[in-house]
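Listed here are the chains, written in short residue letters.
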Amino acid sequence: MKTSIRSFLRNNSANMIQDLLRIISFPAIAPQNGGKGEWEKARELEKLLLERGLPQPEWYVPEDPTDGGVRRPNLVVRIPGRTDRKLYIVTHMDVVPEGDLSAWDMDPFRGKVMGERIYGRGVNDNGQELIASIYAVMALQALGIRPSLEICLCFVADEETGSTYGIQHLIERGLFSPEDLVIVPDGGNSRGDFVEIAEKGILWISFTVKGQQCHASMPHMGLNACRVANQLSFELDRALHKAFPDEDDLFDPPVSTMEPTRRKTNVGSINIIPGKEEFSFDCRVLPSISLDTVLEVVEEKCREVAHLTKADITYEILQRNDPAQPTRKDSDVLGLLCRSIEETYSFSPEVGGIGGGTCAAFFRKSGIPAVVWAHEADVAHMPNEYCEMEHLLKEAEVFAAMMKG
Ligand SMILES: [Zn+2]
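Procedures and definitions
Residues numbered from 1 in each chain as written. Predicted model: local features only at pLDDT ≥ 70, side-chain atom pairs only at ≥ 80, totals over all residues. Heavy atoms only, no water. Helix = DSSP H or I, 4+ residues; strand = E, 2+ residues; numbered from the N terminus. Contact = heavy atoms within 4.5 Å. Core = buried A, V, L, I, M, F, W, Y, C linked by side-chain atoms within 4.5 Å. Buried < 20%, exposed > 50% of the residue type's maximum accessible area, 1.4 Å probe, protein only. Phe/Tyr/Trp six-rings, centres within 6.5 Å; stacked < 30°, edge-to-face > 60°. Lys NZ or Arg CZ within 6 Å of the ring centre and 35° of its normal. Domains from an automatic or database assignment. Buried area = accessible area lost by both parts, 1.4 Å probe. Salt bridge = Lys/Arg side-chain N within 4 Å of Asp/Glu carboxyl O. Polar contact = N/O pair within 3.5 Å; in protein donor to acceptor, adjacent residues only side chain to side chain. Nonpolar A, V, L, I, M, F, W, Y, C, P; charged D, E, K, R; others polar. Pairing = 2+ DSSP bridges. Axes fitted to C-alpha atoms, helices over the stretch in contact; angles between N-to-C directions. 1 Å grid on protein atoms, 1.4 Å probe; cavity = no way out; pocket = protein on both sides within 12 Å on 5 of 7 lines; lining within 4 Å. Points joined across faces, edges and corners; volume = space filled by probe spheres on them.

Visitor: Explanation requested: the environment of Val 298 in the structure shown.
Guide: Examined against the element boundaries, Val 298 turns out to sit in helix α7 (residues 291–309). For the pair Val 298 and Phe 234, spaced 64 residues apart in the sequence, the C-alpha separation amounts to 12 Å. If sequence neighbours within four positions are ignored, Val 298 has contacts with Ile 205, Phe 207, Leu 236, Leu 240 and Tyr 315.

Visitor: I tried to follow the nonpolar core on my own but got confused; where do I start?
Guide: Note that soluble globular proteins tend to have their nonpolar side chains buried in a common cluster. Residues Ile 134, Leu 153, Phe 155 and Met 403 are the most contacted members of the largest nonpolar core, which totals 92 residues. The leading source of residues in this core is helix α4 (residues 123–142), at 11 residues. Counting residues in each nonpolar core, the second largest holds 20 residues, with Cys 154, Phe 176, Val 182 and Val 184 among its members.

Visitor: Please clarify how the packing of aromatic side chains should be interpreted in this entry.
Guide: By the definition in use, this model includes 11 aromatic pairs. Consider the rings of Phe 207 and Phe 279, whose centres lie 5.1 Å apart with planes at 20°: the pair is stacked. Pair noted here: Phe 207 is in strand β11 (residues 201–210) and Phe 279 is in strand β15 (residues 276–285), with a separation of 72 residues, a long-range link. Ring centres 5.9 Å apart and planes at 45° place the aromatic pair Phe 207 and Tyr 315 in the tilted group. Of this pair, Phe 207 sits in strand β11 while Tyr 315 sits in strand β16 (residues 312–321), and the two are 108 residues apart along the sequence. Overall, Phe 207 belongs to the buried group, its relative accessible area being 1%. Taken together through their ring pairs, the aromatic side chains of Phe 207, Phe 279, Phe 281 and Tyr 315 make up a single cluster. Sitting over the ring of Trp 39, Arg 71 keeps its end group 4.0 Å from the ring centre. Here the guanidinium or amino end of Arg 117 rests over the ring plane of Tyr 386, the centre of that ring lying 4.0 Å away.

Visitor: Just to check I follow, could you spell out unusual backbone geometry for this structure?
Guide: Comment: phi is negative for the bulk of residues other than glycine, and the bulk of peptide bonds are trans. Cis geometry marks the peptide bond from Asp 125 to Asn 126; its omega dihedral reads 20°. On the secondary structure map, Asn 126 appears in helix α4. With an omega of 0°, the peptide bond running from Asp 252 to Pro 253 counts as cis. Along the chain, Pro 253 turns up in the loop between α6 (225–243) and β13 (257–263). We note that Ser 346 has phi near 60°; this positive angle belongs to a residue other than glycine. One can find Ser 346 in the loop between α8 (332–345) and β17 (350–354). By relative accessible area, which is 64% here, Ser 346 ends up exposed. Despite not being glycine, Asn 384 has its phi angle at roughly 55°, a positive value. Mapped onto the secondary structure, Asn 384 falls in the loop between β18 (370–371) and β19 (386–388). For Asn 384, a relative accessible area of 18% puts it in the buried group.

Visitor: I'm lost on the domain arrangement of the protein chain in this one. Help?
Guide: One widely used convention gives an interface's size as the accessible area the parts lose upon coming together. Structurally, the protein chain comprises domain 1 (2–199 + 324–404) and domain 2 (201–321). The partner domain 2 presents 8 residues to the 15 residues of domain 1 that form the contact. When the two sides are added together, the surface that domain 1 and domain 2 hide from each other amounts to roughly 710 Å², 60% of it contributed by carbon and sulfur. Considering only the surface of domain 1 that becomes buried against domain 2, Glu 199, Gly 353 and Gly 355 emerge as the three largest contributors, covering 41% of it. The interface formed by domain 1 and domain 2 contains 0 salt bridges. For the pair domain 1 and domain 2, the interface holds 2 residue pairs in polar contact (both at pLDDT 80 or more). Of all the secondary structure elements, the ones that give two or more residues to the side of domain 1 that touches domain 2 are β10 (194–199) and β17. Top element by residues in the side of domain 1 that touches domain 2 is β17. It accounts for 4 residues. For the side of domain 1 that touches domain 2, the per-class residue count stands at 6 nonpolar, 6 polar and 3 charged.

Visitor: What's the story with the sheet that holds strand β6 (residues 112–114) in this structure? I'm lost.
Guide: Sheet strands pair by backbone hydrogen bonding; their relative direction is either parallel or antiparallel. Here 3 strands make up an open sheet; going across it, the order is β6-β7-β19 and the pairing antiparallel. A strand with exactly one partner marks an edge of an open sheet, and here the two such strands are β6 and β19. Taken pair by pair, the neighbouring strands of this sheet meet at an average axis angle of 25°, ignoring direction. Examined bridge by bridge, strand β7 (residues 117–119) and β19 share 3 bridges and lie antiparallel to one another. Its bridge partner lying in β19, Tyr 119 is registered against Tyr 386. Here helix α2 (residues 13–24) sits on the sheet in contact with β6, β7 and β19, set at roughly 15° to β7.

Visitor: It is not clear to me how empty space enclosed by the protein should be interpreted in this structure. Could you clarify?
Guide: Take a probe with the size of a water molecule and roll it over the atoms, and the empty space left behind shows itself. Under the criterion given, the structure shown has 1 cavity of 30 Å³ or more. Reported here for the largest cavity is a volume of approximately 40 Å³. Looking at the largest cavity, the residues that line it are Lys 2, Ile 5, Glu 343, Thr 344, Glu 397, Ala 401 and Lys 404. Taken together, the elements giving at least two residues each to the lining of the largest cavity come down to α1 (2–11), α8 and α10 (389–404). Broken down by element, the lining of the largest cavity gets its largest block of residues, 3 residues, from α10.

In structure tokens:
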């Protein structure tokens, strides 16, 4: 059975390339990024699905008020299985903008095939997996195999700008249940040997210190915001690491990371004492720690340093993703995925956590076990984004193995 699935896919590789290029030729860019959303791409995808013999997709279309109101479609295709239990493969239709066009060796939205690689914006993130999921269904249909679970292919909007009108909308509409098996193939490596089951929480904080500007030769006339910012940054760093030393071997690195990062430009001249400083922390926090307790330490330190220095200190949370509990190591979806990877590659994948940022977290927060896996080059969002033919075929084979059960 494995060999027939493999040969079906190999025999269809030219069609897979053609369909991938066809799909990416519709620039599904979010209105926040200056685009028109996923509507045209979704229409074309529906056409393609029907041409390829898949059932009529269901449409779920929230309105995005940005830029005068744009409809953000999500498509779900269901293929009945031997039971009612559902296996969801969730891929996203939207892409990030092409960026600097001069950095591309081809038209990002026409794409190009060179050797074993297909180039274009969105071929890797997330077109490769979208096409792989469709061809996995086609392989089963061609071979007359009824899937063990009901197969649901989910093609969502808005992954690149927060998922409000994509995954989050579908979860709010009650599409999923904790009994479902969910794979989000939107992160992985070029060996295909890593499965992500956990993410750290994310907290981005920007601090503003206000003192009083003056001449550098007369510091007593002002209040040096640069010095206060240095002190605050140093003390925050130390207090946070002291308060949260916990380790979790699921992650690499195994600790929460709390890093001072961006510092905004202050004065234009070396002889001016700055009256204002802005700097940021990027915190990636282990799931066992609540972000509220992190913020308590931040709050206390800010108050303390402000009191000591008489500077005005405020902070703003630029991003907050509370961590979800990891998907269990004995969950059905992880078992099924690992077995399917072993069947396809003859190796066992490593299972672990990452620093955060996929939409599997939304599932986990709703109590739905989700796993993230892909076999892909690390070129998402870059110019000359590409997909390796071999990766595309292998992913389709793993999805087909999962569907077959
Ligand atoms: Zn993606």
